[in-house]
Amino acid sequence: MDVRNFIDGRWLDAQDGKRFNSLNPADTRQVVASAPLSGPADVSQAVAAARKAFPVWKLLPAPRRGEILFKAGDLLLREKARLGELVTREMGKVLAEGLGDVQEAIDMAFYMAGEGRRMQGETVPSELPDKDCKSVREALGVVGLITPWNFPMAIPAWKLFPALVCGNTVVLKPSSDTPACAAALVAFLEKAGIPPGVVNLVHGRGEVVGEALATHPGIDAVSFTGSCAAGEQLEELLGKLHRPLATEMGGKNAIIIMDDADLNLALEGVLWGAFGTSGQRCTASSRLIIHEKVYANFIAMLGKAAAEFRLGDGLKQDTDVGPIINAQQMEKVLKYIEIGTAEGARLVTGGSQVTAGDCGFGHFIKPTVFADVDPSMRIAREEIFGPVVSVMKCSRLKEAIDIVNSVPFGLSSAIYSRDVNATARAEKELQTGIVYVNASTIGAEIHLPFGGWKHSGSGHPEAGGRGGAVDFYSRVKVIYRDFSGRLQRAQIDKQSPSGILS
Ligand code: UN1
């Protein structure tokens, strides 16, 4: 399949005609899409189109902008089966998850369509008579969106839809591993009637297109989801430009399992959180902190269940775990497995690549469990982004919470316990943007803010409305309207009650 850039309402090749391919990670002999290998000139063209479209788009009433998103959501819903398959072919996650990825985009379209009729500001009383005070939200301008491959429909939708309903025009630079998914999403916005120039799409490499986009003088704000290394580089570059930047960069999410937990329920949660999407989620459960009384038993249950998982092409019905996105990521995960072994952690199951049979042409790593991990080890502190879970022991809740909080990341955490006081204590003390009780660390819903604390992100959450994405993609203007016809001085003029009444 050939995909193109989308600039000013037209599907275009890169100006210099270069192209690159995305491959099926379950079988890299299959080319999924060929896409333009764009450069800074394509970025400039897209930014110029977005600048030109901005003044008109921002004046369209927000409920009308929302209607276009509603239409896009409706069209996506009708094509969900086809799009879910595309996600699985290009990104590798199993089909149920591919469909979930599309559903997350649909949910966001409908939610943000409604946001067009909310977008609340505040109206508050003035301290002076004959004066109104209110706050309203306005668009930022042209926003650059840089998105990863692990949720190739959902994350672009998380950024596009709130940015658009707030009245911004956008240039999207999706991951070069998943250009077809991004192009499909943008095509639905086109079908829904988005005016030319409001949404622009430029494919290519992050180091070239991502950087040119983020630093382009015509860009007013940037939203980035991806690796810590790339996010930190953007923070440095954009700090100097005083340009608003939202980053979602990573996690080292932990599940605490207390001695009174329902262990079967916890096991399901761990398997889903650690090995779903092959562990390639920012929210993946990559640490387990287990109470000493159930430690050995739970590790035995986990080791057995993880070893039974079937790896393969996510389109096949009996596949439990799909591939790793590309060779480079696979090398990174294998390197961490080596590091864990060298650090003295005990390998319970997995720990290697799978090359036999159907897996021979893809990037597959067995679900891997390391036990007896010390919280100071690198496999307990650094993001691996693969199907590897590091298990640690604790003797009480306070110790478990301290271990969770001891890493620089703070995206998601979970606790399994039947003790309501213990879970309430954990809710209060876990330093993560998302806390789950008796559920895994993955599976956030789109109408609540999604964002990491500490080094996981910039503190501008995605998703949600006010308090979430809408806050980042709009800025607040405060309006004081004085209709007294005289000079009134705030903080200084104080009328007595009788003065007002007379
Ligand atoms: C991500 O991994 O970057 O909460 C996003 C979840 C999904 C989104 C994950 N809804 O796991």
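Residues numbered from 1 in each chain as written. Predicted model: local features only at pLDDT ≥ 70, side-chain atom pairs only at ≥ 80, totals over all residues. Heavy atoms only, no water.

1. Side note on the sheet that holds strand β6 (residues 131–139)
- In spatial order, the strands read β5-β6-β23; together these three strands make up an open sheet with antiparallel pairing. Unpaired on one side and paired on the other, β5 (122–125) and β23 (474–482) mark the two borders of the sheet. For this sheet, the mean angle separating the axes of adjacent strands, direction not counted, is 20°.
- Across four bridges, β5 lies against β6 in antiparallel orientation. Bridge pairing in β6 places Glu122 opposite Ser135. (Pairing = 2+ DSSP bridges. Helix = DSSP H or I, 4+ residues; strand = E, 2+ residues; numbered from the N terminus. Axes fitted to C-alpha atoms, helices over the stretch in contact; angles between N-to-C directions.)

2. Structural notes on unusual backbone geometry
- In this structure, Asp372 is a non-glycine residue whose phi angle is positive, near 55°.
- Looking at where Asp372 falls in the secondary structure, it is placed in the loop between β17 (368–371) and α12 (378–381).
- Backbone geometry places Lys454, a non-glycine residue, at a positive phi of 50°.

3. A closer look at helix α8 (residues 228–241)
- Over its 14 residues, α8 runs 20 Å from end to end, which matches the ideal 20 Å to within 8%, given 1.5 Å per residue.
- Within the sequence span of α8, burial applies to Cys228, Gly231, Leu234 and Leu238. Buried positions in α8, seen along its axis, are confined to an arc of 120° and lie on one side of it. Opposite its buried face, α8 presents the exposed residues Ala229, Glu236 and Lys240, each directed more than 90 degrees away.
- Residues of α8 that are buried sit in contact with β7 (142–146), α7 (206–215), β10 (221–225), β11 (245–248) and β19 (409–410). (Expected span 1.5 Å × (residues − 1). Buried < 20%, exposed > 50% of the residue type's maximum accessible area, 1.4 Å probe, protein only. Arc of directions from axis to C-beta. Contact = heavy atoms within 4.5 Å.)

4. Focus on the site of the ligand
- Taken together, Glu104, Asn150, Phe151, Ile155, Trp158, Arg281, Cys282, Thr283, Ile442, Gly443, Ala444 and Phe450 are the residues near the ligand.
- Contact between the ligand and Glu104: a nitrogen atom at 3.0 Å from a side-chain N or O atom of the residue.
- Expressed as a share of its isolated accessible area of 320 Å², the protein-covered part of the ligand is 99%.
- Classifying every residue of the shell around the ligand by side-chain character gives seven nonpolar, three polar and two charged.
- Formed jointly, the shell around the ligand draws a minimum of three residues from each of two domains, domain 1 (5–249 + 456–479) and domain 2 (253–437). (Near = heavy atom within 4 Å. Polar contact = N/O pair within 3.5 Å; in protein donor to acceptor, adjacent residues only side chain to side chain. Areas by Shrake-Rupley, 256 points an atom, 1.4 Å probe, with all protein chains shown as cover. Nonpolar A, V, L, I, M, F, W, Y, C, P; charged D, E, K, R; others polar. Domains from an automatic or database assignment.)

5. Focus on the side chain of Ser474
- Mapping Ser474 onto the fold places it in strand β23.
- Assessed through its relative accessible area of 4%, Ser474 is described here as buried.
- One polar contact links Ser474 to Arg137, side chain to side chain, over a distance of 2.8 Å.

6. Observations concerning the pairing of strand β8 (residues 169–173)
- Summarising burial for β8: five of the five residues are buried, a large majority.
- Burial along β8 is two-sided: the residues Thr169, Val171 and Lys173 and Val170 and Leu172 are all buried.
- When β7 meets β8, the two strands line up parallel, connected through five bridges. The partner of Val142 across the bridge, within β8, is Thr169.
- Each parallel crossover has a hand, and for β7 linked through helix α5 (residues 154–165) to β8 it is right-handed.
- Judged from the three bridges that link them, β8 and strand β9 (residues 199–201) form a sheet pairing that is parallel. Note that in β9 the partner of Leu172 across the bridge is Leu201.
- Regarding the hand of the β-α-β motif, the stretch spanning β8, helix α6 (residues 179–191) and β9 is right-handed. (Right-handed = clockwise from strand over helix to strand, strands pointing away.)

7. Looking at the domain arrangement of the protein chain
- Domain assignment breaks the protein chain into domain 1 (5–249 + 456–479) and domain 2 (253–437).
- The straight-line distance from the C-alpha centre of domain 1 to that of domain 2 is 31 Å.
- Listed by partner, the interface residues are 23 residues for domain 1 and 29 residues for domain 2.
- Between domain 1 and domain 2, roughly 2,100 Å² of surface is buried when both sides are summed, and carbon and sulfur atoms account for 64% of that area.
- Applying the counting criterion to the domain 1 and domain 2 interface returns one salt bridge.
- Of the charged contacts in the structure, one is a salt bridge between Arg281 and Glu97, with a shortest N-O distance of 3.7 Å.
- Linking domain 1 with domain 2 are eight residue pairs in polar contact (both at pLDDT 80 or more).
- Of all the elements in the fold, those that place two or more residues in the side of domain 1 that touches domain 2 are β4 (27–36), α3 (80–91) and α4 (95–115).
- Per-element accounting of the side of domain 1 that touches domain 2 gives the leading share, five residues, to α3.
- Residue composition of the side of domain 1 that touches domain 2, grouped by class: nine nonpolar, five polar and nine charged. (Buried area = accessible area lost by both parts, 1.4 Å probe. Salt bridge = Lys/Arg side-chain N within 4 Å of Asp/Glu carboxyl O.)

8. Examining a nonpolar patch on the surface
- Together, Val476, Val478 and Tyr480 give the surface a local cluster of nonpolar side chains, amounting to about 320 Å² of exposed area.
- Within the secondary structure, Tyr480 is located in strand β23.
- By relative accessible area, Tyr480 is classed as exposed at 56%. (Patch = residues over 30% accessible without salt bridge, like charges linked within 9 Å, V, L, I, M, F, W, Y side chains within 5 Å.)

9. Observations regarding the nonpolar core
- Ranked by size, the top nonpolar core spans 104 residues in total, and within it Met153, Phe161, Phe298 and Leu302 carry the most contacts.
- Lining this core are residues from two domains, each supplying at least three of them: domain 1 (5–249 + 456–479) and domain 2 (253–437).
- Ignoring sequence-local partners within four residues, the contact set of Met153 consists of Leu83, Leu86, Val87, Asp101, Val102, Ala105, Cys181, Ala184 and Leu185.
- Ala254, Met330, Ala345 and Ala380 belong to the second-largest nonpolar core, a separate cluster that totals 31 residues. (Core = buried A, V, L, I, M, F, W, Y, C linked by side-chain atoms within 4.5 Å.)

10. Things to note about the environment of Ala157
- Relative to the assigned elements, Ala157 resides in helix α5.
- Overall, the relative accessible area of 0% leaves Ala157 in the buried class.
- Residues Ala157 and Met108 lie 49 residues apart in sequence; the distance between their C-alpha atoms is 6.7 Å.
- Each residue touching Ala157, except ones within four places of it in the same chain, is listed here: Ala105, Met108, Pro162 and Leu185.

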